[in-house]
Amino acid sequence: LIQQASDYLTTVVAKHKANFSDSFEYPRTLIICGSGLGGISTKLSTINPPPLIIPYSDIPGFKRSTVPGHSGTLVFGKMKGSPVVLMNGRLHTYEGNSVLETVFPIRALHNMTNNQIEQLIVTNAAGGLNPKFKACDLMCINDHINLPGLAGLHPLKGPNFDEEGPRFLPLSDAYDLQLRKLMFKKFKELGMDQRRSLFEGVYTFASGPTFETRAESRMIRNLGGDTVGMSTVPEVIVARHCGWKVLALSLVTNCCVVDPPASALDENPTALEAGIASHKEVLENGKIASADVETLIAAIVEEL
Ligand code: 6GU
């Protein structure tokens, strides 16, 4: 099925390339956008060549994204002169996709571009666990905790694709240091430090679709997680297996509640309503910071 998707994409892209022969280049970067961060597609140049937009539903084997805030198109285009492909709308396991289905687009793109993709840039909306983090802050991911993966729900489970990567893939340096440095440099250059903080830390993958309980949030924080979300880690692992460099960014859309709930033994319980996470809040705060995230990613891509 990967071959079928790859063949389909090759055909469609070849047709586009024939129409814009002098200007089309195969992508060197895959960008995957998190909830409410799909506006990054507005950073694509509209001419020379215009973006090629392919609905997931046209591509054999691609699942459709079912989440509000995620559309479902693959877009080939140029961002600040650098050829990119954008997954506008990502796939999650909580939608009922298998973990292999969520990473299928990465395998298909790796196959169709003949290993020409050099890096994955991925963003997500996440809950903040580190007490320093506020809503609308950003976190450059420097490590992760793959909770479902540790328990057996792993994107590299099954026969290994030896021609792509090793059976026992090391992940001790999964997040590229040079790219992370570039992110901090651009963040400062663009003056975004006046509006919000860019932290560095550990992203925890929880499969969702529920937001964490207070006890779960406390557990994840105690394990060393700085943010928690429902995506990204499967894609990062497969991108590393394909030999790509990875840069990943969390947009903190809400702060997780780690304090215990009001006690039934307490005569005057307080702060019962504090911090009920909602998808609405995630999208609203995403909207506030998304322009910065999109500008930041485009500035990074310009250097690639
Ligand atoms: Cl609080 N939890 C999870 N799992 N994902 C999120 C989130 C929280 N906020 C945004 N995405």
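Here's a quick rundown of the structure. Quantities reported herein were computed from a predicted structural model and do not represent experimental measurements.

Side note on helix 5 (residues 214-223)
Structural remark: α-helix, 3.6 residues per turn; residues separated by three or four positions point the same way.
Okay, so step 1: Buried residues of helix 5: Arg214, Ser217 and Ile220, and no others. Across the axial projection of helix 5, the buried residues extend over an arc of 130°, all falling on one side.
Okay, so step 2: Against the buried residues of helix 5 lie helix 3 (147-150), strand 7 (198-205) and strand 8 (227-229).
Okay, so step 3: At the C-terminal side of helix 5, glycine 224 shows a positive phi close to 110°.

Some words on the site of the ligand
Okay, so step 1: Taken together, Ala125, Ala126, Gly127, Phe211, Glu212, Val228, Gly229, Met230, Thr253, Asn254, Cys256 and Val282 make up all the residues around the ligand.
Okay, so step 2: Here a nitrogen atom of the ligand and a side-chain polar atom of glutamate 212 are 2.6 Å apart.
Okay, so step 3: Asparagine 254 places a polar side-chain atom, nitrogen or oxygen, 2.8 Å from a nitrogen atom of the ligand.
Okay, so step 4: Coverage of the ligand by the protein chains reaches 95% of its 290 Å² of free accessible surface.
Okay, so step 5: Looking at side-chain class alone, the shell around the ligand contains seven nonpolar, four polar and one charged residues.

Considerations on the pairing of strand 3 (residues 73-79)
Okay, so step 1: With seven of its seven residues buried, strand 3 lies for the most part within the structure.
Okay, so step 2: Here four bridges tie strand 2 (residues 52-55) to strand 3, and the two strands are oriented antiparallel to one another. Its bridge partner being in strand 3, isoleucine 54 is matched across the sheet by leucine 74.
Okay, so step 3: As paired strands, strand 3 and strand 4 (residues 82-88) are joined by seven bridges and run antiparallel to one another. Paired with methionine 79 across the two strands is serine 82, which belongs to strand 4.
Okay, so step 4: In this antiparallel pair of consecutive strands, strand 3 and strand 4, the connection spans two residues, and lysine 80 shows a positive phi of 50°.

With respect to the side chain of glutamate 235
Okay, so step 1: By the secondary structure assignment, glutamate 235 is in helix 6 (residues 233-241).
Okay, so step 2: When sequence neighbours within four positions are dropped, the list of residues in contact with glutamate 235 reads Ile32, Arg90, Val103, Ile106 and Leu120.

Focus: the nonpolar core
When a protein is soluble and globular, its nonpolar side chains tend to lie buried together.
Okay, so step 1: Leu30, Leu74, Phe76 and Leu109 are the most contacted members of the largest nonpolar core, which has 46 residues in total.
Okay, so step 2: No other element matches the six residues that helix 2 (residues 99-112) contributes to this core.
Okay, so step 3: Those residues in contact with leucine 109 that lie beyond four places of it in its chain are Leu9, Leu30, Leu74, Phe76, Val85 and Ile117.
Okay, so step 4: Ranked by size, the runner-up nonpolar core spans 29 residues in total, among them Leu44, Leu138, Cys140 and Met192.

Structural notes on the pattern of salt bridges
For side chains of opposite charge, pairing can occur when their charged atoms come near one another.
Okay, so step 1: Enumeration according to the criterion identifies 12 salt bridges in this entry.
Okay, so step 2: We note a salt bridge from glutamate 235 to arginine 90, for which the minimum N-O separation is 2.8 Å. Separated by 145 residues along the polypeptide, glutamate 235 in helix 6 and arginine 90 in the loop between strand 4 and helix 2 bring together distant segments of the chain.
Okay, so step 3: The exposure class assigned to arginine 90 is buried, which follows from its relative accessible area of 1%.
Okay, so step 4: The salt bridge partner of glutamate 303 is lysine 186, with a shortest N-O separation of 3.0 Å. One end of the pair, glutamate 303, is in the segment after helix 7 (279-302); the other, lysine 186, is in helix 4 (residues 177-189), and 117 residues separate them in sequence.
Okay, so step 5: The exposure class assigned to glutamate 303 is partly exposed, which follows from its relative accessible area of 45%.
Okay, so step 6: Connected through salt bridges with shared partners, the residues Lys185, Lys186, Glu189 and Glu303 form a single ionic network.

Parameters at a glance
- Residues numbered from 1 in each chain as written.
- Predicted model: local features only at pLDDT ≥ 70, side-chain atom pairs only at ≥ 80, totals over all residues.
- Heavy atoms only, no water.
- Buried < 20%, exposed > 50% of the residue type's maximum accessible area, 1.4 Å probe, protein only.
- Helix = DSSP H or I, 4+ residues; strand = E, 2+ residues; numbered from the N terminus.
- Arc of directions from axis to C-beta.
- Contact = heavy atoms within 4.5 Å.
- Near = heavy atom within 4 Å.
- Polar contact = N/O pair within 3.5 Å; in protein donor to acceptor, adjacent residues only side chain to side chain.
- Areas by Shrake-Rupley, 256 points an atom, 1.4 Å probe, with all protein chains shown as cover.
- Nonpolar A, V, L, I, M, F, W, Y, C, P; charged D, E, K, R; others polar.
- Pairing = 2+ DSSP bridges.
- Core = buried A, V, L, I, M, F, W, Y, C linked by side-chain atoms within 4.5 Å.
- Salt bridge = Lys/Arg side-chain N within 4 Å of Asp/Glu carboxyl O.

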